[in-house]
Amino acid sequence: MTTQESIFEIFSEEALAGVAYKNKSLKRAIIDHLDQAGNSTITDLTFALNISVPKTTSLINELISDGIVKDYGKDDSKGGRRASMYGLVAECGFFIGVDIKNFYVNLGLLNFKKELVSSEMRVPFTMANTQESFHHLIQIILDFINNVTVDKKKIFAACLNLSGRINSEKGYSYSYFHFHEEPLSQIVEKAIGIKTFVENDSRAMAYGEFYHGSVHDEKNVLFLNLDYGIGLGIMIDGKVYRGKSGFSGELGHIPIFANELICHCGKKGCLETEASGKALIQMFKERIEQGHTSSLLQDKKMPENLRLSDIIQATMSEDVLSIELIAELGEKIGRGIAVLINLFNPELVIIGGTLAETGDYIRLPIRSALNKYSLSLVNNDTQLRMSKLHEMAGIIGGCLIARHNLLSFNK
């Protein structure tokens, strides 16, 4: 039996009787403990699982034979007989995260111990709801798989992060690549030959930040993905909240403004119409038409394909117009976050996504707006932090979701 087959057998809910079922449950508990606590001694495991030392030793030896656990040597304690430390085998399995942006794709490979071992950032790609765009995406993923220096048979699962409405449980995307009745996850799985899951990009970024980034001991956390649109990842009582159909977090479509601007969702007055990356580009163009100047102008003309990254780079280079527009945007985003704080009373709000690259230029206006628009008693209990993982949040989150879903999928 291969290592992959052993893992699947341990985490499957296939009916087994008596001792066989109990042993499988205990193996699963050992893997879960090592996953959470890291390398442990037989004594640690015996105490955590409330079973005998001989039983723990027997199960550990079986997991070593399966290639899932290994002896990492003696611990560093002083005095007495030093015990062996056992932990998961990092190379026993790998997981891929694919974070899809408007104009590029980020990809990462995570080992079984949740360590990022390979990544490829900003692979050129144009996001469009077309077959051509989809085929290009598949080729990018296949190229990444072919280039990684691990046994391809040990890549257990992948997760695609897409913007818009995603039902991750059923594998459907309702915003992009919905060409067939078959779930997108199954279509991609057939194309790349690896078990595939799909997830909303903001939620995947939040997942990465929750478990590997800015979150410490907080259990109730909101993650803002500020990009061309505005997304939200929600953690309640330490668990990611997806909603009944997986559509939670559509902060950008809360009707905050009394304007006549039509959002891409078809409604008027959505937060995204005045506080998103798309809105920022439109605001920039309007200001230039009104006679304002900027370092982005080329021979006094607007760049042909102005992108969000251009304005962000100009902001960091102290372009006055860009700084002013980012501040206006931050104030409006702060109004939206104030609504969330009043509703959720979270311990922590994390600002992430492309616009977060502007740092204090956007953070300070957001903080000011929170003080202005949220209830002070509620606001005082909420910390505001910038993303720690930055662009890595999406691929790390995607990898972790692929890993979690694969083990849960077989339960």
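Coordinates for the structure precede this section.
Predicted model only: the values in this text are computed from it and were never measured. (Residues numbered from 1 in each chain as written. Predicted model: local features only at pLDDT ≥ 70, side-chain atom pairs only at ≥ 80, totals over all residues. Heavy atoms only, no water.)

Comments concerning the pairing of strand S2 (residues 84–88)
- Within S2, 5 of the 5 residues are buried, which leaves the element mostly enclosed by the surrounding structure.
- Sheet topology places strand S1 (residues 69–74) next to S2; 4 bridges connect them, and they run antiparallel. Residue pairing in the sheet places Lys 74 in a bridge with Ser 84 of S2. (Buried < 20%, exposed > 50% of the residue type's maximum accessible area, 1.4 Å probe, protein only. Helix = DSSP H or I, 4+ residues; strand = E, 2+ residues; numbered from the N terminus. Pairing = 2+ DSSP bridges.)

Considerations on the sheet that holds strand S14 (residues 383–386)
- In space, the 5 strands of this open sheet follow the order S12-S11-S10-S13-S14, with mixed pairing throughout. Here the strands that pair on one side only, and so sit at the sheet edges, are strand S12 (239–241) and S14. Neighbour-to-neighbour, the strand axes of the sheet open up by a mean angle of 25 degrees, direction not taken into account.
- Note: strand S10 (residues 221–226) against strand S11 (residues 230–236), 6 bridges, orientation antiparallel. Paired with Phe 223 across the two strands is Gly 233, which belongs to S11.
- Here helix H11 (residues 320–344) sits on the sheet in contact with S10, S11 and strand S13 (348–352), set at roughly 160 degrees to S10.
- In this fold helix H12 (residues 360–373) packs onto S10, S13 and S14, with an angle of close to 165 degrees to the strand it touches most, S14. (Axes fitted to C-alpha atoms, helices over the stretch in contact; angles between N-to-C directions. Contact = heavy atoms within 4.5 Å.)

Digging into the side chain of Glu 218
- Along the chain, Glu 218 falls in the loop between helix H7 (201–212) and S10.
- At 2.8 Å, the side chain of Glu 218 forms a polar contact with the backbone nitrogen of His 216.
- Apart from residues lying up to four places away in sequence, Glu 218 is in contact with Met 235, Glu 347, Leu 348, Gln 383 and Arg 385. (Polar contact = N/O pair within 3.5 Å; in protein donor to acceptor, adjacent residues only side chain to side chain.)

Describing the packing of aromatic side chains
- Under the defined criterion, the tally for this structure stands at 10 aromatic pairs.
- For the pair Tyr 207 and Tyr 211, a centre-to-centre distance of 4.7 Å together with 55 degrees between the ring planes defines the contact as tilted. On the criterion of helical spacing, the pair formed by Tyr 207 and Tyr 211 is a turn pair, its members being 4 residues apart in helix H7.
- Members of the aromatic cluster, connected to one another through ring pairs, are Phe 134, Tyr 176, Phe 177 and Phe 179.
- A cation sits over an aromatic face here: Arg 122 above Tyr 104, 4.5 Å from the ring centre.
- The aromatic ring of Phe 103 is capped on one face by Arg 307, whose charged end is 3.9 Å from the ring centroid. (Phe/Tyr/Trp six-rings, centres within 6.5 Å; stacked < 30°, edge-to-face > 60°. Lys NZ or Arg CZ within 6 Å of the ring centre and 35° of its normal.)

So, the sheet that holds strand S9 (residues 195–200)
- Strand order in the open sheet formed by 5 strands is S5-S4-S3-S6-S9, with mixed pairing between adjacent strands. What marks the edges here is a single partner per strand, and that holds for strand S5 (116–124) and S9. In this sheet, neighbouring strand axes are inclined to one another by 15 degrees on average, regardless of whether the strands run parallel or antiparallel.
- Strand direction decides the pairing type here: strand S3 (residues 94–100) and strand S4 (residues 104–111), joined by 7 bridges, are antiparallel. If you follow Val 98 over to S4, its bridge partner there is Leu 107.
- Against the sheet, helix H6 (residues 184–192) contacts strand S6 (155–162) and S9, and its axis sits at roughly 140 degrees relative to S9.
- Of the strands in this sheet, S3, S6 and S9 touch H7, which is tilted by about 100 degrees from S9.

Examining the packing of helix H10 (residues 308–316) against H11
- Axis separation between H10 and H11 bottoms out at 8 Å; the angle between their running directions is 110 degrees. Taken together, H10 and H11 sit at an angle that is classed as roughly perpendicular. Here H10 contributes Ile 311, Ala 314 and Thr 315 to the contact with H11, which in turn contributes Ser 322, Ile 323 and Ile 326.
- In the contact of H10 with H11, the residues fall into 4 nonpolar, 2 polar and no charged. (Parallel < 35°, antiparallel > 145°, perpendicular 65-115°, else oblique. Nonpolar A, V, L, I, M, F, W, Y, C, P; charged D, E, K, R; others polar.)

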